[in-house]
Amino acid sequence: MNMSFYKNKRVFITGHTGFKGSWMCRLLMMSGADVTGYALEPPTEPSLFEVCNIRDGMNSITGDIRDLEHMKRVFKEVQPEIVIHMAAQPLVRESYKNPVCTYETNVMGTVNILECIRMSSSVKSFVNVTTDKVYLNREWEWGYRESDELNGYDPYSNSKSCSELVTSSYVKSFFSDREIAVSTCRAGNVIGGGDFAKDRIIPDCIRAVEEGRDIIVRNPFSIRPYQHVLEPVSAYLMIAQRQYMEKKTAGNYNVGPDDSDCWTTGELVDLFCKKWKDQTGIEAKWIDKSDGGPYEAGFLKLDCAKIKSVFGWKPVWNVEKAMEKIVEWSECYLKNGSVDKCMEMQTKEFCAQIQYSGMEERK
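Parameters at a glance
- Residues numbered from 1 in each chain as written.
- Predicted model: local features only at pLDDT ≥ 70, side-chain atom pairs only at ≥ 80, totals over all residues.
- Heavy atoms only, no water.
- 1 Å grid on protein atoms, 1.4 Å probe; cavity = no way out; pocket = protein on both sides within 12 Å on 5 of 7 lines; lining within 4 Å.
- Points joined across faces, edges and corners; volume = space filled by probe spheres on them.
- Helix = DSSP H or I, 4+ residues; strand = E, 2+ residues; numbered from the N terminus.
- Nonpolar A, V, L, I, M, F, W, Y, C, P; charged D, E, K, R; others polar.
- Buried < 20%, exposed > 50% of the residue type's maximum accessible area, 1.4 Å probe, protein only.
- Contact = heavy atoms within 4.5 Å.
- Polar contact = N/O pair within 3.5 Å; in protein donor to acceptor, adjacent residues only side chain to side chain.
- Axes fitted to C-alpha atoms, helices over the stretch in contact; angles between N-to-C directions.
- Left-handed = near helix turned anticlockwise from the far one by under 90°.
- Pairing = 2+ DSSP bridges.

(A) How the structure looks around empty space enclosed by the protein. Following the criterion strictly, the structure yields one cavity of 30 Å³ or more and no others. Each pocket or cavity is described by its volume, and for the largest cavity that value is around 30 Å³. Lining the largest cavity are His 16, Thr 17, Ala 39, Leu 40, Glu 41, Pro 42, Phe 49, Arg 55, Ser 60, Ile 61 and Thr 62. With three residues, the single largest contributor to the lining of the largest cavity is strand S3 (residues 59-62). Looking at the lining of the largest cavity residue by residue, the class counts come to five nonpolar, four polar and two charged.

The following block contains the structure:
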């Protein structure tokens, strides 16, 4: 990945006020991109978007991806070259409570962004961010490959499977004979500083230590592919860049950690407690307490051989390093420190390691 590629590029991001969107905007702005974001107001209070002043230095537009006419007008004004679609209803439990809203947002939202691209003459590269949960989960021990069946179980996962199918249809129906490169990215579980969402394990850990209580873990034996948020964000940008220059590299890609970073939820929380004590000197502990919630898959991991083969990509930070950065950011936040500077420093460190890794590979 060469972030200088993005200098002065017009990049349009949906869902920029969310957790991953905020990290992506920061990285793009540091690279000199002309960034326009289109999203609802931040989905949490507090939010990373607000506490790190992400709005400063970009064109932030409040809009609903279900509103096709509004998004058309924004597209016509901005004339983006690169589009990254991350806006979604992203929570499994919420999808059981509000399935209609989940499908409207995740399926028709995808249709609407693809319609805007279809009617645009400026877009050359589009990345649709979905999830590792798009696959029909058979609870098997090996990682899912991009050719495996798509059929998510719950409304959230299934709506993202539908988003993949919609994207595939638009590519075959409208983009095959145009200079528009399209990829979908299926990322594993993302962790990092500044995630304030409900029903996610790391935010639950931070809230518990902030309030001085035990961390409640609902499914301690569930296995997930955990990765720092900068891993998929940088991968999306790498794919968007490469397919912009070589359309033949476009496709469907898993983005996940190595097998060694597929941890149970209980192991992940153990690591958090250790790193929290190492950093702050304060004990943290957790309890196993199921709340009788809806079905969630017990085992899930990805086979990322394709992205490694096509792009020479590999993860930069393992889970232990990711957890150090989470604790560092979270302690800074809880002590009312300069979290925006902490975010910038972590981003620079990550990018420096990408550059170092690339130099080592070329030797």
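Here the narrative resumes, following the displayed structure.
(B) Layout of the environment of Ser 60. Here Ser 60 is to be found in strand S3. Under the relative-accessibility criterion, Ser 60 is labelled partly exposed at 22%. A sequence separation of 31 residues divides Ser 60 from Met 29, and the C-alpha atoms of the two residues are 12 Å apart. Residue contacts for Ser 60: discarding those within four places in its chain leaves His 16, Gly 37, Phe 49 and Arg 55. In terms of polar contacts, Ser 60 uses its side chain to reach the side chain of His 16, at 2.8 Å.

(C) Up close: the packing of helix H3 (residues 68-78) against helix H5 (residues 99-118). Between H3 and H5, the shortest axis-to-axis distance is 10 Å and the interhelical angle comes to 35°. The handedness of the crossing between H3 and H5 is right-handed. Across the interface between the two elements, Leu 68, Met 71, Lys 72 and Phe 75 of H3 pack against Asn 112, Ile 113, Glu 115, Cys 116 and Ile 117 of H5.

(D) How the structure looks around the environment of Arg 73. Mapped onto the fold, Arg 73 is located in helix H3. Sequence spacing of Arg 73 and Trp 23 is 50 residues, and the spatial spacing of their C-alpha atoms is 26 Å.

(E) Expanded view of the sheet that holds strand S10 (residues 252-255). Here we have seven strands laid out as an open sheet, ordered S3-S2-S1-S4-S5-S6-S10, and parallel in their pairing. Of all the strands in the sheet, the pair left with one neighbour each is S3 and S10. For this sheet, the mean inter-axis angle between neighbouring strands, taken without regard to orientation, is 20°. Of the strand pairs in this sheet, strand S1 (residues 10-14) and strand S4 (residues 82-85) are connected by four bridges, and their pairing is parallel. Among the inter-strand pairings, Thr 14 is bridged to a residue of S4, identified as His 85. The strands that helix H1 (residues 19-30) touches are S1, strand S2 (34-39), S4, strand S5 (125-129) and strand S6 (181-187); relative to S1, the one it contacts most, it runs at about 170°.

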